[in-house]
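The chain contents come next:
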Amino acid sequence: MSDLAQMVELQQSLTFLGSIGGLALALLGAGLAAVLSGIGSAKGTGIAGEAGTGLLCQDPSKFGKVMILQVIPGTQGLYGLVVWFFAIFRMGLLGGELPVLTVAQGMQYFMACLPMALGGLFSAIAQGRVAAGSINILAKKPDDWSKGMVLCITVEFYAILSLLASMLMLINIS
């Protein structure tokens, strides 16, 4: 292949990358918000569910309270999905046409989705651990199970802050 042919091929690939690179970055950020938050929620609800099964083997009447404590770490997955949906809405993907985003715009979407991606991942796992501890409270002192709920809600606050940060950044992308 001649030098001229290589230069033409390089220019075409750069043009192609320039035309889809922004959209690819934006979609990667949105996808990470949904996927990492979902992974964290799956892990967190799994941790709480493992603790819950131990208690339910001994006292099945506590199923309702165990289920509530297990579901709480699942909210981050929902928050990640909200950020994903809002990001693709803001990109214009729901309009039926493929949007053209610059690499700079794509990077803005990517960075705007990161708080929810990382905040959702880590807070859901931490909340699952707190929920498992709260299930232990329910096992030993059933009347104090609401104290465990308060501890879980404390971790939830940081997931909500991650959601808020991502949403505010997405709103301000022009």
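Residues numbered from 1 in each chain as written. Predicted model: local features only at pLDDT ≥ 70, side-chain atom pairs only at ≥ 80, totals over all residues. Heavy atoms only, no water.

Explanation requested: helix H4 (residues 103–140) in the structure shown.
Note: α-helices contain 3.6 residues per turn, so residues at a spacing of three or four share the same orientation. Relative to the 56 Å expected for 38 residues at 1.5 Å per residue, H4 spans 55 Å between its end C-alpha atoms, a close match to the ideal helical length. Where H4 bends most, at Cys113, the angle is about 35 degrees, and the proline Pro115 comes one to four residues later. (Helix = DSSP H or I, 4+ residues; strand = E, 2+ residues; numbered from the N terminus. Expected span 1.5 Å × (residues − 1). Bend = angle between axes of the 7 residues up to and from the residue.)

Before we go on, may I ask you to explain the environment of Leu25 in this structure?
Mapping Leu25 onto the fold places it in helix H1 (residues 3–58). C-alpha separation for the pair Leu25 and Gln127, spaced 102 residues apart in sequence, amounts to 30 Å. Residues contacting Leu25, with those up to four places away along its chain left out, are Val103, Gly106, Met107 and Phe110. (Contact = heavy atoms within 4.5 Å.)

Explain the pattern of salt bridges here, please?
One side chain can pair with another of opposite charge once the charged atoms of both are near each other. Within this structure, the stated rule accounts for two salt bridges. A salt bridge links Asp59 to Lys62, with the shortest nitrogen-to-oxygen separation between them at 2.7 Å. The partner of Asp144 in a salt bridge is Lys147, and the shortest N-O contact between them spans 3.8 Å. (Salt bridge = Lys/Arg side-chain N within 4 Å of Asp/Glu carboxyl O.)

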